[in-house]
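Descriptive analysis of the structure
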Amino acid sequence: MAIVRGTPEGFHSLTPALICRDTPKAMEFYARAFGATEISRFAGPDGKIMNAQMRIGDSIFMLSEENLDWDAKSPLSLNGSPVSLQIYVEDTDKAFDTAVSAGATVTMPVEDMFWGDRWGSIADPFGHRWAIATRKKELDSDELKRAAGDFFSQMQNASSDLLRPTLGGRRRVIQIAGPLFYRRSGSARASGPHPRRV
């Protein structure tokens, strides 16, 4: 008798599940943009995908077709999404360019960020937001606080449009505050206000 695992093999404790309009096309896009591989797909009586599973790197995510009758709305129906998924890769610039070439829209160009990542963000054609990052520097709690303080001081002092572009054109600065302040070394967290639009 097979052993049944509470968490199926290959899954982590948290699994993103994306609702998409035209899920088969979304799956094709994720394969081109992120190198995602298909694990499975299951269609309902109407032929639309009820559940599909894909893998990026060591992580599985799920997809399903938008169904307004079930109140399962995609970002295209909601006019946006408050959620962003982050992918860690070995080469941010290469992965970012691949995603953009596949049809993603740049929402924040790749830059070296104060928390130690080389990081950029995109929106896919189905309304979902993604961040692509490579860890370049490990910062302890004190180093992270100093780097954050320097960054916010620069942003506060950048009062003219002439100066803002020298800071990387960040008029919409960092919409994913929470994860950025978590650090593996000592599980240190930096406190303080979340970044805001400037």
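Residues numbered from 1 in each chain as written. Predicted model: local features only at pLDDT ≥ 70, side-chain atom pairs only at ≥ 80, totals over all residues. Heavy atoms only, no water.

1. Quick look at the sheet that holds strand S7 (residues 117-123)
- If you walk across this open sheet you meet the four strands as S5-S8-S7-S6, and the pairing is mixed. On the outer flanks of this sheet lie strand S5 (84-88) and strand S6 (105-112), each paired with one strand and no other. Averaged over all pairs of adjacent strands, the angle between their axes in this sheet comes to 15 degrees, without regard to strand direction.
- Of the pairings in the sheet, the one linking S7 to strand S8 (residues 129-135) comprises seven bridges and is antiparallel in character. Looking at S8, one finds that Asp-117 is bridged to Arg-135.
- Sheet strands in contact with helix H3 (residues 92-102) are S6, S7 and S8, and its direction is about 5 degrees off that of S7. (Pairing = 2+ DSSP bridges. Helix = DSSP H or I, 4+ residues; strand = E, 2+ residues; numbered from the N terminus. Axes fitted to C-alpha atoms, helices over the stretch in contact; angles between N-to-C directions. Contact = heavy atoms within 4.5 Å.)

2. Considerations on the sheet that holds strand S1 (residues 17-20)
- What the four strands build is an open sheet, ordered S1-S4-S3-S2; its pairing is mixed. The sheet is open, and its two edges are formed by S1 and strand S2 (37-43), each paired on a single side. If you compare each strand with its neighbour and ignore which way they point, the axes differ by 20 degrees on average.
- In terms of strand pairing, strand S3 (residues 49-56) meets strand S4 (residues 59-65) through five bridges, oriented antiparallel. Within the sheet, the bridge partner assigned to Ile-56 lies in S4 and is Ser-59.

3. Brief notes about the confidence of the model for the chain
- Summing up the model confidence of the chain, the mean pLDDT is 85 and the portion of residues at 70 or higher is 80%.
- Note on residues 160-169: pLDDT is under 50 here. Beyond four places in sequence and across chains, it has 12 contacts.
- Note on residues 171-198: pLDDT is under 50 here. Beyond four places in sequence and across chains, it has 59 contacts. (pLDDT = per-residue confidence, 0-100.)

4. Here we look at the packing of helix H1 (residues 23-34) against H3
- Two numbers describe how H1 lies on H3: the axes approach to 7 Å, and their chain directions differ by 145 degrees. Packed against H1, whose contacting residues are Phe-29, Arg-32, Ala-33 and Phe-34, the element H3 presents Ala-95, Thr-98, Ala-99 and Ala-102 at the interface.
- Looking at the contact of H1 with H3 residue by residue, the class counts come to six nonpolar, one polar and one charged. (Nonpolar A, V, L, I, M, F, W, Y, C, P; charged D, E, K, R; others polar.)

5. What to know about the environment of Asp-58
- Here Asp-58 lies in the loop between S3 and S4.
- Placed 47 residues apart in sequence, Asp-58 and Phe-11 show a C-alpha to C-alpha distance of 8.7 Å.
- Setting aside anything within four residues of it in sequence, one finds Asp-58 in contact with Gly-10 and His-12.
- There is a polar contact of 2.9 Å between the side chain of Asp-58 and the side chain of Ser-59. (Polar contact = N/O pair within 3.5 Å; in protein donor to acceptor, adjacent residues only side chain to side chain.)

6. As for the side chain of Asp-117
- Looking at the element boundaries, Asp-117 is found in strand S7.
- Beyond its immediate stretch of four places on either side in the chain, Asp-117 contacts Gln-86, Tyr-88, Glu-111, Asp-112, Ala-133, Thr-134, Arg-135 and Lys-136.

7. Here we look at a nonpolar patch on the surface
- Taken together, Phe-42, Met-50 and Trp-70 make up a surface patch of nonpolar side chains, about 390 Å² in accessible area.
- With respect to the helices and strands, Met-50 occurs in strand S3. (Patch = residues over 30% accessible without salt bridge, like charges linked within 9 Å, V, L, I, M, F, W, Y side chains within 5 Å. Areas by Shrake-Rupley, 256 points an atom, 1.4 Å probe, with all protein chains shown as cover. Salt bridge = Lys/Arg side-chain N within 4 Å of Asp/Glu carboxyl O.)

8. Let's talk about the nonpolar core
- Core analysis: the largest hydrophobic core is formed by 27 residues, its most contacted members being Phe-29, Tyr-30, Phe-34, Phe-61, Leu-63, Ile-122 and Trp-130.
- When contributions to this core are tallied by element, the ones reaching two or more residues are S1, H1, S3, S4, S5, H3 and S8.
- Residue contributions to this core peak at six residues, all from H1.
- When near neighbours in sequence (up to four residues on either side) are disregarded, Phe-34 contacts Phe-29, Ile-56, Ile-87, Ala-99, Ile-122, Trp-130 and Ile-132.
- If you look at the next biggest cluster of nonpolar residues, it comprises 13 residues, including Met-113, Trp-115, Trp-119 and Met-155. (Core = buried A, V, L, I, M, F, W, Y, C linked by side-chain atoms within 4.5 Å. Buried < 20%, exposed > 50% of the residue type's maximum accessible area, 1.4 Å probe, protein only.)

9. Some words on the pairing of S6
- Note that S6 and S7 share five bridges and pair antiparallel. Paired with Val-106 across the strands is Ile-122, a residue of S7.
- Once S6 ends, the chain turns through four residues before running back antiparallel as S7, passing Gly-116 with a positive phi of about 110 degrees.

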